[in-house]
Amino acid sequence: MKYTPLPKELYIKNRQKLSEKLPAKSIAVFHSNDIMPTNADGTMRFRQNNDIFYLSGIDQEESILVICPDFPNPDMREVLFLRETNEHIAIWEGHKYTKEEAFEASGIQNIQWVTNFEQVLNTLMALSEHVFLNTNEHLRADVQVESRDARFIKLCKQRYPLHTYHRVAPLMHQLRAVKEQEEINQMQIACDITEKGFRRILSFVKPGVTEYEIEAEFIHEFIRNRSKGFAYEPIIASGANACVLHYIENKEICKDGDLILFDVGAEFGNYNADMSRTIPVNGRFTKRQRSVYDAVLRVQRAAMDMLTPGTNIQDYHKEVGLIMQSELVSLGLIDQTDIKNQDPKWPAYKKYFMHGTSHHLGLDVHDVGTMYEAITPGMVFTVEPGIYIQEEGLGIRLENNIVIQDNGNFDLMRNIPIEAEEIEELMNKA
């Protein structure tokens, strides 16, 4: 792996937090993700299941973690199963964890080869009553492909039909939403790498470059700083493309007088950054562009000030909408008549700001965690207001990543240029 792993003490702590939430005589089972096929004999790059990674730090395919906190034999309360390597695998695929390396990564003492899983599971299930199994329950999930976890659920219920089954996802959402300092440190590195990429392109962009050339500059800087690459498909949207919220074609020429909206982030150690910035292709904002830009920046800063412990995200989104509404009136995009006649379910400001302001961030870019309860210290959120004026071919979004603290919040992207004057200065530096 390119990144520096986090210490095993973090994963020991994470497993303990989960164990404390399980009822007596429980067992919880977590599987790694599949290696997904492309075509013929091709495969996609492996990406570990975030729940097993959160609990073990193990970043390898065909891994299984079993937690059985009340089992009479303490040696069997945590068992990690790994794919056993051999000379053929070593030649064709490379090095895999040894048992000693897996202990150093995870802190799990009992590490066995995955061929022993069924036998050990049978022993553990015999003295367990509650079975906690994993599913993808993200609010935005559109699950079409059957995962290893899903296949195991069917197998487990068929083999052990009289146990009581539970969803472990709600517990994992609670735990993963609140980050430990080690996780925040990893996210800070991802944000710092993202900053390096952004500063690189500020001196590169000029009229005539293509969106894909800019994408190449970002990925070059990310990988040379030990990231696996983009945290998500990058958006490099010049001109009217910026009004397409998930524009990822990145194929057009950047024209003099237009703006470019970037929504990019590096990952580091499976943790993610999520940045949006908007810059002028020629290095200077027009008067109109600057007016809209400053309006978005004011909304972002007001929103960041609101993200403190105890805030309800649903109420927060409504309040940010009212601030945006005021800015849009000032820009002449909506008026009091529009507001008076608006549909309460789709306020007038939604014509120009149609998405939410914040989401959880962590091992997933849209990380798991409740969006209906009060936020607490240790949560990490994006703050990303935008204004999209299709009739003017103008779209601006600004996005930072912040950590909720006891007395406010901390901006992980505090060093990434965002003031219009600084962006112009850096773009025009000789």
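Predicted model only: the values in this text are computed from it and were never measured.

Colleague: How would you sum up the layout of surface pockets? Please name residues and give values.
Modeller: What the largest pocket holds in volume is close to 1700 Å³. Those elements giving two or more residues to the lining of the largest pocket turn out to be helix H2 (50-56), helix H6 (148-159) and helix H7 (169-177). If you tally residues by element for the lining of the largest pocket, the top one is H7, at 4 residues. Here the residues of the lining of the largest pocket are counted per class, giving 16 nonpolar, 17 polar and 14 charged. Taken domain by domain, the makeup of the lining of the largest pocket includes at least three residues from each of domain 1 (8-176) and domain 2 (181-428). Of the pockets and cavities examined, the second largest pocket occupies roughly 1200 Å³. Residue lining of the second largest pocket: 41 residues in total, with Arg140, Gly356, Ser358, His359 and His366 positioned closest to the centre. If you tally residues by element for the lining of the second largest pocket, the top one is helix H11 (residues 313-330), at 6 residues. Tallied by class, residues from the lining of the second largest pocket come to 14 nonpolar, 17 polar and 10 charged.

Colleague: Break down the domain arrangement of the protein for me, citing the residues and quoting the values.
Modeller: Assigned domains of the protein: these are domain 1 (8-176) and domain 2 (181-428). Just the C-alpha atoms count here: the centres of domain 1 and domain 2 sit 35 Å apart. Counting residues at the interface gives 14 residues for domain 1, matched by 14 residues for domain 2. Taken together, the two surfaces of domain 1 and domain 2 that pack against each other cover about 1400 Å², and 49% of this comes from carbon and sulfur.

Colleague: Tell me what's going on with the packing of aromatic side chains, and back it up with residues and numbers.
Modeller: Under the defined criterion, the tally for this structure stands at 10 aromatic pairs. Arranged with centres 5.2 Å apart and planes meeting at 80°, the rings of Phe81 and Phe117 form a pair that is edge-to-face. Here the residue Phe81 occupies a position in strand S3 (residues 78-82), and Phe117 occupies one in helix H5 (residues 117-126), the gap between them amounting to 36 residues. A relative accessible area of 7% places Phe117 in the buried class. Ring geometry for Phe222 against Phe230: centres 5.4 Å apart, planes inclined by 70°, an arrangement best described as edge-to-face.

Colleague: Describe in detail the sheet that holds strand S4 (residues 110-113), supporting the description with residues and values.
Modeller: Sheet architecture is open: 6 strands sit in the order S4-S3-S2-S1-S5-S6, paired in mixed fashion. Bordering the open sheet on either side are S4 and strand S6 (164-167), each of which pairs with just one other strand. Strand after strand, the sheet turns through a mean of 20° between neighbouring axes, direction not considered. Pairing analysis gives 4 bridges linking strand S1 (residues 26-31) to strand S5 (residues 130-133), with the strands arranged parallel. For Ser26, the partnering residue across the bridge sits in S5 and is His130. Set on the sheet, helix H1 (residues 8-21) makes contact with S1, strand S2 (64-67) and S3; between it and S2 the angle comes to about 50°. Along the sheet, H5 contacts S1, S2, S3, S4, S5 and S6; its crossing angle with S1, the most-contacted strand, is approximately 155°.

Colleague: Please set out helix H13 (residues 420-427) residue by residue, giving values where relevant.
Modeller: At 3.6 residues per turn, the α-helix brings residues three or four places apart onto the same side. Residues Ala420, Ile423, Glu424, Leu426 and Met427 constitute the buried set of H13. Within H13, the buried residues cover an arc of 165° as seen down the axis, which keeps them to one side. Those residues of H13 that are buried are in contact with helix H8 (181-202), strand S11 (275-280) and helix H10 (287-306).

Rules and cut-offs
- Residues numbered from 1 in each chain as written.
- Predicted model: local features only at pLDDT ≥ 70, side-chain atom pairs only at ≥ 80, totals over all residues.
- Heavy atoms only, no water.
- 1 Å grid on protein atoms, 1.4 Å probe; cavity = no way out; pocket = protein on both sides within 12 Å on 5 of 7 lines; lining within 4 Å.
- Points joined across faces, edges and corners; volume = space filled by probe spheres on them.
- Helix = DSSP H or I, 4+ residues; strand = E, 2+ residues; numbered from the N terminus.
- Nonpolar A, V, L, I, M, F, W, Y, C, P; charged D, E, K, R; others polar.
- Domains from an automatic or database assignment.
- Contact = heavy atoms within 4.5 Å.
- Buried area = accessible area lost by both parts, 1.4 Å probe.
- Phe/Tyr/Trp six-rings, centres within 6.5 Å; stacked < 30°, edge-to-face > 60°.
- Buried < 20%, exposed > 50% of the residue type's maximum accessible area, 1.4 Å probe, protein only.
- Pairing = 2+ DSSP bridges.
- Axes fitted to C-alpha atoms, helices over the stretch in contact; angles between N-to-C directions.
- Arc of directions from axis to C-beta.

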